Amino acid sequence: DTPIQISPVPSKPGGKNQPNELSRSARPDPQIPPHLMAASLWRAVMGTGAPPADATDGVEFWREPERGGWLDKQGEYIKTWRRRWFVLKQGKLFWFKDSTVTRASVPRGVIAVASCLTVKGAEDVLNRKFAFELSTPGETMYFVADSDKEKEDWINSIGRSIVQHSRSMTDDEIVDYDSGRPAAGGKS
């Protein structure tokens, strides 16, 4: 396999630009419109679009959610705000384009709340009323609710879910940082 190089080859003095490696080894399918090819490439590179089927882990998100409602969510790569329908169920936070969620609905995204570190108000960070943030080790996501009560209800629901679905530490994993040994009550 020939590696694909996306940067163009510099032009020769007095000559035209040489075709880059991409244009020689990866010819686009003429049947696919360029705008669809670009969108597909974006999803492949950035990992956006519908989550993989196993991301739902068999959670029946369409049936009796722990919490559901509209929130504005800031985009991950393009920092625009989009209104999405959110469903919290069995340690997963799903979002959809509309509020009619059925078995056939495909989530626009999903977060396993067990991977979340914090959920807290973010009005001062975003300078927007009713804003809150959800942080994982790799990113912080921002949301805006329709009222202060909705914001607090979402923070409380997600917070409870984080506690319920996070793996508890065993006594052996709790370390007394002063001594570097297991804390009192832990086994050596």
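Because the structure is a prediction, the values reported are computed rather than measured. (Residues numbered from 1 in each chain as written. Predicted model: local features only at pLDDT ≥ 70, side-chain atom pairs only at ≥ 80, totals over all residues. Heavy atoms only, no water.)

1. Description of the side chain of T136
One can find T136 in the loop between β6 (131-135) and β7 (140-144). Using a relative accessible area of 14% as the deciding quantity, one classes T136 as buried. Beyond its immediate sequence surroundings of up to four residues, T136 is in contact with S115, C116, L117 and M141. (Helix = DSSP H or I, 4+ residues; strand = E, 2+ residues; numbered from the N terminus. Buried < 20%, exposed > 50% of the residue type's maximum accessible area, 1.4 Å probe, protein only. Contact = heavy atoms within 4.5 Å.)

2. Considerations on the nonpolar core
Counting residues in each nonpolar core, the largest one holds 18 residues, and the members touching the most others are L93, F132, L134, W154 and I158. It is helix α4 (residues 148-165) that contributes the most residues to this core, four residues altogether. Here L93 is in contact with F86, V87, L88, G109, V110, I111, V113, L134, W154 and I158, once residues within four sequence places are set aside. Among the nonpolar cores identified, the runner-up in size contains seven residues, and V59, F61, F94 and V101 belong to it. (Core = buried A, V, L, I, M, F, W, Y, C linked by side-chain atoms within 4.5 Å.)

3. Here's the deal with the confidence of the model for the protein chain
This prediction gives the protein chain a mean pLDDT of 75; 59% of its residues lie at or above 70. Across the protein chain, strand β1 (residues 67-74) holds the top mean pLDDT of 97, while helix α1 (residues 21-25) sits lowest at 35. A low-confidence stretch, residues 4-13 stays under pLDDT 50, and its non-local contacts, those more than four residues away or across chains, total 17 contacts. Low pLDDT, under 50, characterises residues 15-49; the predicted model gives this stretch 31 contacts beyond four residues in sequence or across chains. (pLDDT = per-residue confidence, 0-100.)

4. Some points on unusual backbone geometry
Positive phi values are uncommon outside glycine, yet N127 reaches one of about 60°. Looking at where N127 falls in the secondary structure, it is placed in the loop between α3 (123-126) and β6. Its identity as a non-glycine residue notwithstanding, F130 has a phi of 65°, on the positive side.

5. Some points on the environment of D98
Looking at where D98 falls in the secondary structure, it is placed in the loop between β3 (92-96) and β4 (109-112). Distance from D98 to R84, taken between C-alpha atoms, is 6.6 Å for residues 14 residues apart in sequence. Once residues lying within four places of it in the same chain are set aside, the contact partners of D98 are W70 and W85. Of note is the side chain of D98, whose polar atom sits 2.9 Å from the backbone nitrogen of T100. (Polar contact = N/O pair within 3.5 Å; in protein donor to acceptor, adjacent residues only side chain to side chain.)

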